[in-house]
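Observations on chain architecture
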Amino acid sequence: MTLTLSRRRLLEGAITGLLGGMSSGCSQPGSGRSVVVVGAGLSGLNAALILERWGYEVRVIEAKARVGGRLWTLDHMPGSPEGGGNIMGANYGRVFHMAHELNVPLRTPPRTLPADYFIGDQRIARNSWATSSANPLPEAWRTIPPDRLLGKLNITNPLLGTRAWHDPVLMAGDQSAATGLRALDFPDAAIELIGCNNSYGNNLSETSLMTLYRIMGEFARLSGPALSVKEATEGNMRLPEAMAMNLTQPVRKGEPVIAIHQSASLVTVTVESGRTLEADAVVLALPLPALRQIEVTLPSSQQALLENIDYHKVVQLHCIVEEPFWESSGWSGSWWTDGLLGRVFTRPILGTTRHNMTVWINGDDCDALNSLDDATCIETLTQALWKLMPSARDVTSVGQLVRWSTDPYAGGAWALWRPGQAATAHEAIRTPAGRLFFAGEHTAEAYRGMEAAMESGERAALEVMRLLA
Amino acid sequence: MRPSVYLAYLSMAVTILIGNCVQANTLSGEALYDAACGACHSLGTSTDHRIGPPLGTLLNRQAGAIQGYRYSEALSNSGWTWTLPTLLAWLSDPDAAMPNNAMNYVNHLTATETQLLGEWLLQQP
């Protein structure tokens with residue numbers, strides 16, 4: 001039965017393609033071909049839009065009740081803070097173009113208040129960092145604030161090109177950040193501070209030094225004065241929403257995929273309700289922890305990677321501050337801490353006197369918080385907040401706890417590469433497996449974040465078109 | 001329909017298809033441009049909201065010549081002229097062709113696709 005069906009489909013496809021070729025100069029390679037995209041984040045939606053433009057019948061399936069994936073604008077809170085991806089980098093060309101095409105307005109983000117420091121149990125005003133007795137850095141390093149210590153890596157940065165960060169030759173010398181920073185004569189106190197709020201690994205022993213070089217190199221490249229980061233004026237989720245609205249077929253939301261089976265000519269996707277969809281190809285545009293939950297046969301090397309690529313832990317507590325209480329205290333409303341609270345980012349809600357305050361904890365420091373239920377986690381964080389900023393208590397309310405690691409359809413904030421891992425894993429994890437194609441920020445080469453998702457959607461769409469042209 | 005007849009039709013259709021349309025499993029330059037370049041580059045000669053410079057009238061144009069576009073120093077000072085060989089070198093591996101350029105891009109095209117794309121681009125107004 002399957003064989004007959006596949007022959008018929010092939011014949012129909014060939015004839016359709018022939019007719020299409022006669023009438024349009026072969027400009028519609030996708031005529032008669034169907035693609036299922038699993039995941040309605042930026043990567044899946046970008047792949048879907050490209051494929052639709054070239055005549056493919058595309059259906060996008062999303063497990064959550066919303067599109068956007070790891071973009072999540074907290075629309076129920078004043079100021080609509082971002083629970084997920086918050087920054088559109090100054091060189092995010094694909095993101096900016098998509099926003100322009102779909103009339104999603106962008107703006108330069110309101111300025112986050114500069115942070116003061118809370119080290120041990122001592123507050124340090126940012127202007128006093130270099131001279132404070134609580135600054136743990138040795139003499140030659142004392143002028144560097146904790147959040148800029150990693151920038152020193154650019155002195156020795158060996159990465160000269162976009163692809164170099166997973167170059168196997170350079171990767172042969174990769175090591176953990178804990179070891180590598182020490183070998184580069186970073187003092188222990190500096191390494192400890194870097195480890196407190198490290199966004200690029202869950203701890204410095206498992207953070208790739210080459211990954212840090214990559215990220216510091218990116219920041220250096222973006223330091224030109226004419227460049228500006230952006231955000232969507234009405235929330236970053238407006239972008240994937242607009243992308244979804246521009247698809248011919250609406251995204252099927254709230255339909256987790258549970259199994260994918262492919263034959264030589266067809267892929268069958270089974271969703272939780274038991275319904276199945278058939279397609280000529282499937283784009284798996286979802287984070288690896290979500291993919292792990294789907295029954296799908298992959299090459300053994302890819303299957304092993306699926307289990308071994310780690311994701312970054314992030315816990316956020318989003319609060320609303322009614323009045324700028326810090327103004328009378330002399331301290332800032334933003335903090336960089338080496339303790340439970342991680343970092344506290346506070347920025348104005350434009351046109352009001354209110355502020356959004358986000359407590360942001362990275363890496364293994366999230367473990368203890370993730371073991372708590374929501375109410376206890378919120379209580380733990382707010383008690384620490386009131387201790388740090390007693391005057392915040394009467395004017396601050398909690399709006400949303402965000403824990404990416406415990407989200408079954410995310411499993412973390414972004415993919416991490418362990419020391420040496422990216423040399424081979426990066427290419428292997430995105431290599432097409434028969435009629436299965438892979439997208440998502442973890443599969444991108446040139447960019448990270450939202451632009452990485454867009455970049456990966458382009459590549460996956462090209463691969464599908466190449467197979468099904 | 002008997003399987004043998006069915007397969008004969010199928011074979012004929014595929015033969016005609018390939019004979020009439022050389023891009024069976026090969027994408028057109030236009031499709032390659034759309035999927036791999038169009039989000040960051042327009043055609044024509046005017047800069048727009050896109051992050052990269054416009055790519056129209058590229059053939060024999062000096063590199064870094066579009067007025068109002070902020071090129072990298074590497075490209076501006078390269079002395080390059082866009083021809084098929086220079087364009088293919090650039091598209092294949094921008095970092096190798098011109099270190100310190102500003103195009104943060106990885107080419108995922110095959111050599112054949114890169115050639116097709118390059119030839120198509122050089123014909124665009």
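These figures come from a predicted structure and were not determined experimentally. (Residues numbered from 1 in each chain as written. Chains lettered and ligands numbered in written order. Predicted model: local features only at pLDDT ≥ 70, side-chain atom pairs only at ≥ 80, totals over all residues. Heavy atoms only, no water.)

1. Here's the deal with the overall build of chain A
- When you go through chain A residue by residue, the secondary structure sums to 15 helices and 19 strands.
- In terms of overall dimensions, chain A is globule-like: its C-alpha atoms have a radius of gyration of 24 Å, near the 23 Å expected for 469 residues.
- Projected onto its principal axes, the C-alpha positions of chain A cover 80 × 50 × 45 Å.
- Within chain A, buried positions represent 57% of all 469 residues.
- The long-range fraction of contacts in chain A, counting pairs at least 24 apart against all pairs at least 6 apart in sequence, stands at 73%.
- Carbon and sulfur atoms form 53% of the exposed surface of chain A, whose accessible area is close to 18,700 Å².
- In chain A, 40 side chains carry a positive charge and 47 a negative one; their mean positions are 5 Å apart. (Helix = DSSP H or I, 4+ residues; strand = E, 2+ residues; numbered from the N terminus. Rg over C-alpha atoms; globule rule 2.2 N^0.38 Å. Buried < 20%, exposed > 50% of the residue type's maximum accessible area, 1.4 Å probe, protein only. Contact = heavy atoms within 4.5 Å. Areas by Shrake-Rupley, 256 points an atom, 1.4 Å probe, with all protein chains shown as cover. Lys, Arg positive; Asp, Glu negative; His and termini not counted. Charge placed at Lys NZ, Arg CZ, Asp CG, Glu CD.)

2. Some remarks on unusual backbone geometry
Residues and elements named next belong to chain B.
- With a phi close to 45 degrees, Thr-57 is a non-glycine residue in the positive phi region.
- Assignment of secondary structure puts Thr-57 in the loop between α2 (29–36) and α3 (73–76).
- One non-glycine residue, Asn-100, adopts positive backbone phi at about 70 degrees.
- Residue position: Asn-100 is located in the loop between α5 (94–97) and α6 (111–121).
- Assessed through its relative accessible area of 62%, Asn-100 is described here as exposed.

3. A look at the sheet that holds strand β14 (residues 334–337) of chain A
Residue and element names in this part refer to chain A.
- With respect to topology, seven strands assemble into an open sheet ordered β5-β4-β14-β15-β16-β13-β17, the strand pairing being mixed. Both edges of this open sheet fall to β5 (122–124) and β17 (396–403), since each of them pairs with a single strand only. Taken over all neighbouring pairs, the strand axes of this sheet differ in orientation by 20 degrees on average, direction set aside.
- Taken together, the six bridges between strand β15 (residues 343–348) and strand β16 (residues 355–362) define a ladder with antiparallel strand orientation. Counted as the bridge partner of Pro-348 is His-355 from β16. (Pairing = 2+ DSSP bridges. Axes fitted to C-alpha atoms, helices over the stretch in contact; angles between N-to-C directions.)

4. Things to note about the side chain of Ser-43 of chain A
- Take Ser-43 of chain A: it is sitting in helix α2 (residues 42–53).
- Judged by its relative accessible area of 5%, Ser-43 of chain A is buried.

5. Some details on the packing of α2 of chain A against helix α15 (residues 449–468) of chain A
Residue and element names in this part refer to chain A.
- The interhelical angle for the contact between α2 and α15, taken along N-to-C directions, is 40 degrees, at an axis separation of 7 Å. When the interaxial angle is binned, α2 and α15 end up oblique. The crossing of α2 and α15 is right-handed. Across the interface between the two elements, Leu-42, Ser-43, Asn-46, Ala-47, Ile-50 and Leu-51 of α2 pack against Met-450, Ala-453, Met-454, Ser-456, Gly-457, Glu-458, Ala-461, Val-464 and Met-465 of α15.
- When grouped by side-chain class, the residues that make up the contact of α2 with α15 number ten nonpolar, four polar and one charged. (Parallel < 35°, antiparallel > 145°, perpendicular 65-115°, else oblique. Left-handed = near helix turned anticlockwise from the far one by under 90°. Nonpolar A, V, L, I, M, F, W, Y, C, P; charged D, E, K, R; others polar.)

6. Notes on the sheet that holds strand β7 (residues 257–262) of chain A
Residue and element names in this part refer to chain A.
- Strand order in the open sheet formed by four strands is β9-β8-β7-β11, with mixed pairing between adjacent strands. For this open sheet the edge positions go to β9 (276–279) and β11 (295–296), each flanked by a neighbour on one side alone.
- As paired strands, strand β8 (residues 267–271) and β9 are joined by four bridges and run antiparallel to one another. Each residue of the ladder has a partner; that of Val-267, found in β9, is Ala-279.

7. Notes on the nonpolar core
All names here are of chain A.
- Judged by nonpolar contacts, the single largest core of 75 residues is most densely connected at Met-243 and Val-283.
- Ranked by residues supplied to this core, first place goes to α15 with ten residues.
- Core analysis: the next-biggest nonpolar cluster, separate from the first, contains 65 residues, Trp-129, Leu-153, Ala-178 and Val-269 among them. (Core = buried A, V, L, I, M, F, W, Y, C linked by side-chain atoms within 4.5 Å.)

8. With respect to the environment of Asn-127 of chain A
- Summarising the element assignment, Asn-127 of chain A is placed in the loop between β5 and α4 (168–171).
- When the C-alpha positions of Asn-127 of chain A and Asp-116 of chain A are compared, they lie 8.3 Å apart, and in sequence the two are eleven residues distant.

9. Concerning the packing of aromatic side chains
Residues and elements named next belong to chain B.
- Counted by the stated rule, this structure contains 13 aromatic pairs over all chains.
- Relative to Trp-90, the ring of Trp-82 lies with its centre 5.8 Å away and its plane at 70 degrees, an arrangement referred to as edge-to-face.
- The exposure class assigned to Trp-82 is buried, which follows from its relative accessible area of 7%.
- Taking relative accessible area as the criterion, Trp-90 reaches 9% and is therefore assigned buried. (Phe/Tyr/Trp six-rings, centres within 6.5 Å; stacked < 30°, edge-to-face > 60°.)

10. A few points about α15 of chain A
- Between its first and last C-alpha, α15 of chain A extends 29 Å over 20 residues, near the 28 Å set by a 1.5 Å rise per residue.
- The element α15 of chain A is largely enclosed, with a buried count of 17 among its 20 residues. (Expected span 1.5 Å × (residues − 1).)

11. What to know about the confidence of the model for chain B
Residue and element names in this part refer to chain B.
- In this model, chain B carries a mean pLDDT of 84, and residues with pLDDT of at least 70 account for 80%.
- With pLDDT under 50 throughout, residues 10–24 is counted as low confidence; its partners more than four residues away or in other chains account for 16 contacts.
- Across the whole predicted complex the pTM is 0.90, and at the interface the ipTM reaches 0.88. (pLDDT = per-residue confidence, 0-100.)

12. Quick look at the pattern of salt bridges
Residues and elements named next belong to chain A.
- This structure, assessed with the given rule, holds 25 salt bridges over all chains.
- Two residues, Asp-374 and Arg-403, come together in a salt bridge whose shortest N-O distance is 2.5 Å. Here Arg-403 lies in strand β17 and Asp-374 lies in helix α13 (residues 374–388), a separation of 29 residues in the sequence. (Salt bridge = Lys/Arg side-chain N within 4 Å of Asp/Glu carboxyl O.)

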